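Structural description and commentary
So the chains spell out like this:
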Amino acid sequence: MTSPEVIAPAIVPTPAKKAAPATNGATVVADGTQPITVWDTKTQQYHGGQEWAFLGNFVEDFSVTTNGLGIPQKALQAARDALEVCHHYPPADQEPTKSILAKFLWPEDPANIHSRILLGNGASELIDLVTRAAPEGPWKPGPWQNQYKEYERSAIALGRNVLPHDHSDPAALTCIVNPCNPTGDYMNIEELKDYIERTVPDNSVIMVDESMQPWHSPNFRHDSLISQGPWISDIFSRRGVAVYLMHSWTKLWSCTGLRLGSVVCPTARQCEDLKRVQVPWSVNVCALKFLEVACGEEEREYLEETWRVTPVWRKQMVDRIEELRLEGLKGGREAPEWSVHGKEFLSWIWIDFKGARVADEAVRRARMAGVPVRPGSNGYKRETCVRIATRKPEQAEVLFAAWKGLALL
């Protein structure tokens, strides 16, 4: 068993003549730097999205993979309105939100989804529930070396042995993040099913995280496991492989502060088993009302705009990264061999600067400019890599202006 990585305190630089009060009682000094620690570094796993509150010149958060359009306004208003009834408990059956989400996920047969779906306080709560419910034995990611760390954190916390992604030993619990955050790798539905059939042992559990898959296109459902109800039922009855489909809804609808997730279980019985041990009322009234509106017709235009602009913005950002790389040709030098990774529809870009010093400088400059990014060194142990969110062109230009001359280092 391994322990969570010990994270050094973030050194958060601030621009001149501003001071930002920190939530932990510290103050970021206007004319220097000060360590800011928001994690219990002995027990918690590093995650993006924490530095923005300490930057006196904050512009936009590039360290998280949320929707570049920002929060959908009609859904936000619904969450605000729900505060009027916060003196009441949320509905114990999670209705009507659960029915609305089931219809959003699979309009062709929402009743089938409804009997197998459970909402949670972010995907993190549901990851923990399934990790607890799975048979005893080791945990393994796959098929990529780096993926979202929350699954591994939960496995370690619950005492499971963690196997490398390419280890030959079978695992009682497997996790696939598809599309893979942070690397941007993606298996289409046939590739995904083939991988599961070949590598996941009989009588085991697999969690497949498709949180970022709805960015795929308006036809995302047909390249998702959500469309594979008969196959999921078959592999469970034929081989005892229980497939759990995870979604964090806080990325697509840019509402990470609300905490919203769902799991579609292989059978209704497994869903009941999870519900039996789930903490009651774990999703509050504001989050439930937000989700009702977000996945309904009222916010349909928001999704259409997401599918339209995200690949355009991302392509523009990839092109600008290439322009910055070619700045290295100045003075008769050779341009550095940077590389960018990820599918064109994704809400982020994974950059390998091929040098830890350049990656560290990219992170430092981004902080100084008020546009924090996600260092690959923390958690993923990819010291030469940085992840940046897909954002609006005017926001992206702030980041790229800070990175001017980076290729000359």
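What you see as residue numbers is a count from 1 along each chain, following the sequence as written. Reporting in this predicted model follows two pLDDT cut-offs: at least 70 for local features of residues, and 80 or more for side-chain atom pairs to be given and counted; totals over whole chains, interfaces and linings ignore these cut-offs and use all residues. Only heavy atoms go into the side-chain values, all of them from the structure, while hydrogens and water stay out.

1. Some words on the sheet that holds strand β13 (residues 374-375)
When DSSP finds two or more bridges between two strands, those strands count as paired. Secondary structure elements follow DSSP: runs of H or I of four or more residues count as helices, runs of E of two or more count as strands, with numbering from the N terminus. What the four strands build is an open sheet, ordered β11-β12-β14-β13; its pairing is antiparallel. Every interior strand has two partners, whereas the edge strands, β11 (339-341) and β13, have only one. Throughout, a residue-residue contact means that at least one pair of heavy atoms, one from each residue, lies within 4.5 Å. To obtain an axis, a line is fitted to C-alpha atoms, over the contacting stretch when the element is a helix, and the angle between two such axes runs from 0 to 180 degrees between their N-to-C directions. On top of the sheet, helix α11 (residues 300-326) reaches β11, β12 (348-352) and β14 (385-389); it is set at about 20° to β12, its chief contact.

2. Focus: the packing of helix α1 (residues 73-82) against helix α10 (residues 285-294)
Running from amino to carboxyl end, α1 crosses α10 at an angle of 150°, the nearest separation of the two axes being 8 Å. Classified by the angle their axes make, α1 and α10 are roughly antiparallel. Judged by the sense of rotation from one axis to the other, the crossing of α1 with α10 is right-handed. Residues Lys 74, Ala 75, Leu 76, Ala 78, Ala 79 and Ala 82 of α1 touch α10, and the partners they reach there are Val 285, Cys 286, Lys 289, Phe 290, Val 293 and Ala 294. Residue composition of the contact of α1 with α10, by class: ten nonpolar, no polar and two charged. Reported orientations rely on four angle classes, namely roughly parallel under 35 degrees, roughly antiparallel over 145, roughly perpendicular from 65 to 115, and oblique for the rest. Working rule for handedness: look at the near helix, and if it is turned counterclockwise from the far one by less than a right angle, call the crossing left-handed; if clockwise, right-handed. Gly is placed with the polar residues, together with every amino acid not listed as nonpolar (Ala, Val, Leu, Ile, Met, Phe, Trp, Tyr, Cys and Pro) or charged (Asp, Glu, Lys and Arg).

3. Regarding the environment of Tyr 186
Assignment of secondary structure puts Tyr 186 in the loop between β7 (173-177) and α6 (189-199). On the basis of relative accessibility, which here comes to 13%, the residue Tyr 186 falls in the buried class. As for Tyr 186 and Ala 359, which are separated by 173 residues in sequence, their C-alpha atoms are 24 Å apart. Filtering out sequence-adjacent residues up to four positions away, Tyr 186 remains in contact with Trp 144, Asn 178, Pro 179, Glu 191, Gln 213, His 216, Asp 223, Lys 343 and Phe 345. N or O atoms closer than or at 3.5 Å make up a polar contact, with two conditions inside protein: a donor-capable atom paired with an acceptor-capable one, and, for residues adjacent in sequence, both atoms drawn from side chains. Within polar-contact distance, the side chain of Tyr 186 engages the side chain of Gln 213 at 3.3 Å. Among the polar contacts listed, one links the side chain of Tyr 186 to the side chain of Asp 223, at a separation of 2.6 Å. Buried means the residue's accessible area, taken with a 1.4 Å probe over protein chains only, is under 20% of the maximum for its type, while exposed means over 50%, and partly exposed covers the values in between.

4. Description of the packing of aromatic side chains
Pairing of aromatic rings covers Phe, Tyr and the six-membered ring of Trp, with a centre-to-centre limit of 6.5 Å; geometry is then stacked below 30 degrees between planes, edge-to-face above 60, and tilted otherwise. The tally for this structure, following the rule as stated, stands at 13 aromatic pairs. Between Trp 249 and Trp 253, the ring centres sit 5.4 Å apart and the planes meet at 35°, which makes this aromatic pair tilted. Across this residue pair, the class does not change: Trp 249 and Trp 253 are buried. An aromatic cluster is defined as three or more aromatic residues linked by ring pairs; in this entry it consists of Phe 104, Phe 220, Trp 249, Trp 253 and Trp 307.

5. Considerations on the pairing of β12
Among the five residues that make up β12, five are buried, leaving the element largely enclosed by the rest of the structure. Burial of β12 is two-sided: the residues Trp 348, Trp 350 and Asp 352 facing one way and the residues Ile 349 and Ile 351 facing the other way are all buried. Looking at chain direction, β11 and β12 are connected through three bridges and run antiparallel. Along β12, the bridge assignment pairs His 341 with Trp 350. Linking β11 to β12, which pair antiparallel, is a turn of six residues; within it Gly 342 sits at a positive phi near 125°. Where β12 and β14 come together, five bridges link them in antiparallel fashion. Bridge pairing links Ile 351 to Val 386 in β14.

6. Some points on the side chain of Ser 224
As for its placement among the helices and strands, Ser 224 is situated in the loop between β8 (205-209) and α7 (229-239). Looking at Ser 224, its side chain comes within polar contact range of the main-chain nitrogen of Ile 226, at 3.0 Å. When neighbours within four sequence positions are excluded, Ser 224 is seen to be in contact with Ile 189, Glu 210, Gln 213 and Leu 245.

7. A closer look at the sheet that holds β8
Note: strands within a sheet are paired through backbone hydrogen bonds, in either parallel or antiparallel orientation. If you trace the six strands from one edge of the open sheet to the other, you get β5-β10-β9-β8-β7-β6, paired in mixed fashion. Edge positions in the open sheet fall to β5 (117-120) and β6 (139-141), since each of these has one partner strand only. Adjacent strand axes in the sheet meet at a mean angle of 20°, parallel and antiparallel pairs treated alike. By the bridge criterion, four bridges tie strand β9 (residues 242-248) to strand β10 (residues 261-264) in an arrangement that is antiparallel. By the bridge assignment, Met 246 is partnered in β10 with Val 263. Here helix α9 (residues 268-277) sits on the sheet in contact with β5, β9 and β10, set at roughly 25° to β5.

8. Examining the packing of helix α2 (residues 97-105) against α10
In the contact formed by α2 and α10, the axes pass within 9 Å of each other and the chain directions differ by 35°. Once α2 is placed against α10, the crossing between them reads as left-handed. Between α2 and α10, the residues in contact are Thr 97, Ile 100 and Leu 101 and Leu 288, Leu 291 and Glu 292, respectively. Here the residues of the contact of α2 with α10 are counted per class, giving four nonpolar, one polar and one charged.

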